[in-house]
There are 2 protein chains.
Amino acid sequence: MTPRADATRNRARVLDSAHAVFAEHGLGASTEQIARHAGVGVGTVFRHFPTKEALLSAVLAARLDALADEAETLAAQGESGDGLYRLMRSAVAASSLKTAFAEALQRAGVDVSDAVAPARGRLTNTVGTLLDQAQRAGTARTDIEVRQVFALLVAATHAVTYLDDDPLRERTLDLILSALRP
Amino acid sequence: MTPRADATRNRARVLDSAHAVFAEHGLGASTEQIARHAGVGVGTVFRHFPTKEALLSAVLAARLDALADEAETLAAQGESGDGLYRLMRSAVAASSLKTAFAEALQRAGVDVSDAVAPARGRLTNTVGTLLDQAQRAGTARTDIEVRQVFALLVAATHAVTYLDDDPLRERTLDLILSALRP
DNA sequence: CTCTAATCGGAGTCACGGCTCCGTATTCTA
DNA sequence: TAGAATACGGAGCCGTGACTCCGATTAGAG
């Protein structure tokens, strides 16, 4: 049975708002804050996502999906070898405004959150491809593996969040990514 | 007036326990947990540290002090140029068991926590010296500055915490630190 | 040893956040 | 357009955690 129109609309609204609010206030943000931001009541939030953790999972899954899409596009684009770097920059940029995502990404490794697993798998695969391409093109060291790329992603995001000076942020991101180069 | 013996003893006990508990359970750990770990009542905790934030500040200040001590020892040890790397390894190791420290370090940059300021200043100075030494010895790039070293420290700590495989952790730490080399 | 002032312990208060419940409003089918 | 099914809102319940208060317990001076 397809759900009612307002139901789907509100579900999407809540998901968006949750992303925005978590990003701005960290994962400690209250459900009521999210509900207010979405212009709905708390009841609605909990009907769609029975638990705060479920909501977080859903937000995270959506983010990972988007990233995975982007990764696949880049991977399909060819063997130039800079796809990996483009992806990492974009991933860091997407979450540098938002402390929360890095936190979440980190926890996602621990949580066996079923909702997140598929997106995560897809992303892992594609990043593997990008890494291969980069290694074949000679733009990445050959002695590194995918898990290290993710670790660097977490690292870079935190470093960038830590700094407050924009040009310095840029230089530091370059610095960290340069660790991957041969 | 010098405080009573049990007062000083308990203060130290609480500080140690707070460090241990925050390290194991993150900054969300409850005051009661800390009190129990220290074998005192919550009242005692709040008498010595009127606020949870004050307690956190105190723990952080103690950690930074210890780090600053170590940094000064290394700086005095000479111009070999590897002091910087030794310090960073040790700093990461000290906090890799403990997610919390990195979190705290990060916040310390934002909070104008008076309790932390002196230790932080001391540490910044000495790391500056270590960086100078490394640059003169040719073991560090000359186009980086102290703030970037701290950013890398935060980054490395998070990367190491993120990974769960010990040898991989080691290799990844090497990878990140290699970004500093010429 | 005694007495007092400093210190302690932990039950109790208050605020806040996750989650439930149900009367009301909205969608949609016939 | 009427009626049933579905979804909504938000007051309120409950548990948790920061912080207070005061009677019980020491430390340590004399």
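I will try to describe carefully the structure that is included in this document. Bear in mind that the values here come from a model prediction, so they are computed numbers and not experimental data. (Residues numbered from 1 in each chain as written. Chains lettered and ligands numbered in written order. Predicted model: local features only at pLDDT ≥ 70, side-chain atom pairs only at ≥ 80, totals over all residues. Heavy atoms only, no water.)

Moving on, we come to the overall build of chain A. On a plain count of helices and strands, chain A comes out with nine helices and zero strands. Counting from the amino terminus, helix and strand elements in chain A follow one another as α-α-α-α-α-α-α-α-α. Considered along the principal axes of its C-alpha atoms, chain A spans approximately 55 × 40 × 25 Å. Put simply, chain A has 182 residues, and 47% of those count as buried. In chain A, of all internal contacts separated by at least 6 residues, the share reaching a separation of at least 24 is 70%. (Helix = DSSP H or I, 4+ residues; strand = E, 2+ residues; numbered from the N terminus. Buried < 20%, exposed > 50% of the residue type's maximum accessible area, 1.4 Å probe, protein only. Contact = heavy atoms within 4.5 Å.)

The next point concerns the protein's contact with DNA strand D. Neighbouring DNA strand D are 22 residues, the closest being Arg 4, Asn 10, Thr 44 and Arg 47 of chain A together with Thr 31 of chain B. By atom count, sugar and phosphate contribute 67% of the portion of DNA strand D lying within 4 Å of the protein. The separation between a phosphate oxygen of DNA strand D and a polar side-chain atom of Asn 10 of chain A is 2.5 Å. Every element with two or more residues in the surface near DNA strand D is listed here: helix H1 (5–25) and helix H3 (42–48) of chain A together with helix H1 (5–25) of chain B. Counting residues per element, the surface near DNA strand D draws most heavily on H3 of chain A, which supplies five residues. (Near = heavy atom within 4 Å. Polar contact = N/O pair within 3.5 Å; in protein donor to acceptor, adjacent residues only side chain to side chain.)

Looking at DNA strand C, there are 22 residues lining it, with Arg 4, Asn 10, Gly 43, Thr 44 and Arg 47 of chain B nearest. Of all DNA strand C atoms lying within 4 Å of any protein atom, the proportion belonging to sugar or phosphate reaches 66%. One of the side-chain N or O atoms of Arg 4 of chain B is found 2.4 Å from a base nitrogen in DNA strand C. Broken down by secondary-structure element, the contributors of at least two residues to the surface near DNA strand C are H1 of chain A together with H1 and helix H3 (42–48) of chain B. If one sorts the elements of the surface near DNA strand C by residue count, H3 of chain B sits on top with five residues.

Function cannot be read off these values alone, since they describe shape.
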